[in-house]
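Architecture and fold: a report
Each chain, written out:
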Amino acid sequence: TATRNGDQLTMSDISALGYSTTAGTLFYSGRFTQSNSASYPVRAGFMTAADQPTWEVFTNASRLFAAARGTGAAPEANLTYTANTATRFAASFDASLSTAEVKINLNGSATSAGPTSLSATFTPTRFVIGRPGYELYFSAGPIAKIKYWPTIKTATELAGLVT
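One structure accompanies this document, and this report is about it. For clarity, every value in this text was computed on a predicted model and none was experimentally measured.

As for the sheet that holds strand β10 (residues 109-113)
- Reading across the sheet, the 5 strands line up as β10-β9-β8-β2-β13 and stay open at both edges, with antiparallel pairing between neighbours. Each of the sheet's edge strands pairs with one partner strand only, and the pair in question is β10 and β13 (143-149). Within this sheet the neighbouring strands show an average axis-to-axis angle of 10°, counted without direction.
- Across 5 bridges, strand β9 (residues 102-106) lies against β10 in antiparallel orientation. Bridge pairing in β10 places Leu106 opposite Ser109.

Quick look at the structure:
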């Protein structure tokens, strides 16, 4: 038997991604093979230098959460996922409140949270995949694709990404 560190990727220079503190969309395709009900590991997201989340997608044992963290509010939407199955989700946030503030589409099911008083997310310095949650529990499962857009996608566009 052996012990190894959890899989984690950190992109320290995110300038090429053109991160927007007022709107963004994340897409993920893969499989969640293991989760923990109390840990909430980050599947993918943006973080500040002080390890403060700005725009992230994380899970517990049965729910997928999309959250924007910043000035004025921290809206978050969530949906139930099934472990060990192909998973595609697209999530977006819009601080201008022109649509629901946080939207998520998981394998064709959609929900939203907002509008709230979020005016902008915190300003990130890095992008992470596989950041541990509480109790140092990491996310597990193969990743097929992750994409980021510095713009808001409509509910129709989110649905198109996951089909």
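Looking at the nonpolar core
- Residues Phe46, Trp55 and Leu64 are the most contacted members of the largest nonpolar core, which totals 28 residues.
- Counting residues in hydrophobic clusters, the runner-up holds 6 residues, among them Met47, Phe58, Phe65 and Ala67.

Focus: the packing of aromatic side chains
- Per the counting criterion, the structure on display carries 9 aromatic pairs.
- Between the aromatic rings of Phe32 and Tyr81, the centroid separation amounts to 5.0 Å while the plane-to-plane angle is 85°, which identifies the pairing as edge-to-face. Here the residue Phe32 occupies a position in the loop between β2 (23-31) and β3 (42-47), and Tyr81 occupies one in the loop between β7 (76-80) and β8 (86-94), the gap between them amounting to 49 residues. Across this residue pair, the class does not change: Phe32 and Tyr81 are buried.

Here we look at the environment of Tyr19
- Summarising the element assignment, Tyr19 is placed in the loop between β1 (9-11) and β2.
- Distance from Tyr19 to Pro124, taken between C-alpha atoms, is 8.1 Å for residues 105 residues apart in sequence.
- The contacts of Tyr19, once residues within four sequence positions are left out, are Ile14, Phe46, Thr54, Trp55, Phe93, Thr121, Phe122, Pro124 and Tyr148.
- A polar contact is formed between the side chain of Tyr19 and the side chain of Thr121, at a distance of 2.8 Å.

So, the side chain of Thr59
- Structurally, Thr59 is set in strand β4 (residues 53-59).
- A residue is classified by how much of its surface remains accessible, and Thr59, at 0% relative accessible area, is buried.
- Of the polar contacts made by the side chain of Thr59, one reaches the side chain of Arg43; its length is 3.0 Å.

Some words on the sheet that holds β4
- Judged by pairing direction, the sheet is antiparallel, and its 6 strands sit side by side in the order β1-β12-β3-β4-β5-β7 without closing on themselves. Edge positions in the sheet fall to β1 and β7, since each has one partner strand and no second. On average, adjacent strands in this sheet sit at an angle of 10° to one another, irrespective of strand direction.
- Where strand β5 (residues 63-68) meets β7, 5 bridges bridge the pair, whose relative direction is antiparallel. Each bridged residue has a counterpart across the sheet, and for Ala66 the counterpart in β7 is Ala77.

Criteria and cut-off values
Residues numbered from 1 in each chain as written. Predicted model: local features only at pLDDT ≥ 70, side-chain atom pairs only at ≥ 80, totals over all residues. Heavy atoms only, no water. Pairing = 2+ DSSP bridges. Helix = DSSP H or I, 4+ residues; strand = E, 2+ residues; numbered from the N terminus. Axes fitted to C-alpha atoms, helices over the stretch in contact; angles between N-to-C directions. Core = buried A, V, L, I, M, F, W, Y, C linked by side-chain atoms within 4.5 Å. Buried < 20%, exposed > 50% of the residue type's maximum accessible area, 1.4 Å probe, protein only. Phe/Tyr/Trp six-rings, centres within 6.5 Å; stacked < 30°, edge-to-face > 60°. Contact = heavy atoms within 4.5 Å. Polar contact = N/O pair within 3.5 Å; in protein donor to acceptor, adjacent residues only side chain to side chain.

Distances and angles like these do not, on their own, reveal function.
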